[in-house]
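Reading the structure
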Amino acid sequence: MKNWTTTKGTQLIRVLSGAGNAYLILSGEKNILVDTGLSSSQGRLNKNIHQIMDDKGRVDTLVLTHSHYDHCQGAFSIKERYGSAIVMGQAEARYAEQGYTPLPRGTFWLSHWLTSLGNRMGSKRFGYKPFIPDHLIAADQTLDQQNTGIQIIQTSGHTEGSLSVVVDQEIALVGDAIFGIFPNSIYPPFADDRPALLESWEKLLKTSCRVFLPGHGKAISREMLQKKYDKIRGKFSAHASR
């Protein structure tokens, strides 16, 4: 399990990888899980969590970067198993309670076709067990008033209610705002609002974070994010000036 540690000693561990990443943040007396992956990965997720914290450990808080099935399919079972408080974006609470979030628009022709096909399949293929979130995020805030080192910021674009978790202003867990799968691209293949996504990249760059941990794939450096942001912003500007 790959891990990162901030200069303040906060530890981040990738407890799930493959189809989707999940991260455990060990911060003082609080254990925070970010995303859960697919329901088929829950056995592996629980095993990795127990390996770190032993059977006496508990997940105090589950933060969902957004409500797509591959990030929250295990939310109900995590809450049931650990008594975790679920935190998510207010704009997506209605989806959690119905157990299905429509797939976002594709950002190029193939992903656009896949979205159309996927949304025809609907909840039978891309649903999850409904759950009731405990805390809804409608504005940027610290996760815990006693620990101001962990901030939840809104980073819409992939979905309306997408969130990122900023840890000690050094590392950000960004869900699907950035992808770490493709060799020379970090742009998500799916996004409901592309201008909002670019604004979220700008917002992430305004933090002091040097590392960005995505929901899929490998870590992204600040230099890479800045380079791709500048390139895409230039394309947007050129298009707007025509």
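We now turn to the structure provided with this report. (Residues numbered from 1 in each chain as written. Predicted model: local features only at pLDDT ≥ 70, side-chain atom pairs only at ≥ 80, totals over all residues. Heavy atoms only, no water.)

1. Quick notes on the overall build of the protein
Along its length, the protein carries eight helices and 13 strands. For the protein, the spread of C-alpha atoms along the principal axes amounts to about 60 × 45 × 30 Å. Sorting the 242 residues of the protein into buried and exposed places 52% on the buried side. If you take every contact in the protein between residues at least 6 apart in sequence, the share linking residues at least 24 apart comes to 63%. Approximately 11,600 Å² of the protein is accessible, and the part contributed by carbon and sulfur atoms is 50%. Treating the 28 positive side-chain charges of the protein as one cloud and the 22 negative ones as another, the clouds have centres 8 Å apart. (Helix = DSSP H or I, 4+ residues; strand = E, 2+ residues; numbered from the N terminus. Buried < 20%, exposed > 50% of the residue type's maximum accessible area, 1.4 Å probe, protein only. Contact = heavy atoms within 4.5 Å. Areas by Shrake-Rupley, 256 points an atom, 1.4 Å probe, with all protein chains shown as cover. Lys, Arg positive; Asp, Glu negative; His and termini not counted. Charge placed at Lys NZ, Arg CZ, Asp CG, Glu CD.)

2. Quick notes on the sheet that holds strand β9 (residues 147-154)
Taken in spatial order, the six strands of this open sheet run β8-β9-β10-β11-β12-β13, and their pairing is mixed. Strand pairing shows two members of the sheet lacking a second neighbour, β8 (141-144) and β13 (220-221), which therefore form its edges. Across three bridges, strand β10 (residues 163-167) lies against strand β11 (residues 171-175) in antiparallel orientation. Across the sheet, V165 pairs through a bridge with L173, a residue of β11. (Pairing = 2+ DSSP bridges.)

3. Examining the side chain of T207
Along the chain, T207 falls in the loop between α7 (194-205) and β12 (211-214). Using a relative accessible area of 10% as the deciding quantity, one classes T207 as buried. A polar contact of 3.2 Å, which involves the side chain of T207, links it to the backbone nitrogen of C209. Setting aside anything within four residues of it in sequence, one finds T207 in contact with V166, Q169, F212 and R222. (Polar contact = N/O pair within 3.5 Å; in protein donor to acceptor, adjacent residues only side chain to side chain.)

4. Description of the pairing of β11
For β11, a buried count of five out of five residues is recorded, marking the element as mostly surrounded by other parts of the structure. Going residue by residue along β11, you find I171, L173 and G175 tucked away on one face and A172 and V174 tucked away on the opposite face as well. Where β10 folds back on β11, the antiparallel hairpin that results is connected by three residues, among which D168 adopts a positive phi of roughly 55°. With four bridges joining them, β11 and β12 adopt parallel strand pairing. For I171, the partnering residue across the bridge sits in β12 and is V211. Note that the unit made of β11, α7 and β12 has a crossover that is right-handed. (Right-handed = clockwise from strand over helix to strand, strands pointing away.)

5. Focus on the sheet that holds strand β3 (residues 22-27)
One open sheet accounts for seven strands, arranged β1-β2-β3-β4-β5-β6-β7; its pairing is mixed. A strand with exactly one partner marks an edge of an open sheet, and here the two such strands are β1 (3-5) and β7 (135-137). Ignoring strand direction, the axes of neighbouring strands in this sheet form an average angle of 20°. Pairing of strand β2 (residues 11-16) with β3 involves five bridges; the strand directions are antiparallel. When the bridges of β3 are listed, L16 appears paired with A22. (Axes fitted to C-alpha atoms, helices over the stretch in contact; angles between N-to-C directions.)

6. Structural notes on the pattern of salt bridges
Under the defined criterion, the tally for this structure stands at six salt bridges. Between K203 and D140 there is a salt bridge, with the nearest N and O atoms lying 2.9 Å from each other. Note that K203 is positioned in helix α7 and D140 in the loop between β7 and β8, a separation of 63 residues in sequence. According to the relative accessible area criterion, D140 is partly exposed, its value standing at 38%. (Salt bridge = Lys/Arg side-chain N within 4 Å of Asp/Glu carboxyl O.)

7. Structural notes on the packing of aromatic side chains
Throughout the structure, instances matching the rule amount to five aromatic pairs. Both rings, one in Y187 and one in W201, keep their centres 5.8 Å apart while their planes meet at 75°; by these two values the pair is edge-to-face. With a gap of 14 residues between them, Y187 in the loop between β11 and α7 and W201 in helix α7 connect regions that are remote in the sequence. Of the two residues, Y187 and W201, both sit in the buried class. For R94, the ring lying beneath its charged end belongs to Y95, and the centroid distance is 4.3 Å. (Phe/Tyr/Trp six-rings, centres within 6.5 Å; stacked < 30°, edge-to-face > 60°. Lys NZ or Arg CZ within 6 Å of the ring centre and 35° of its normal.)

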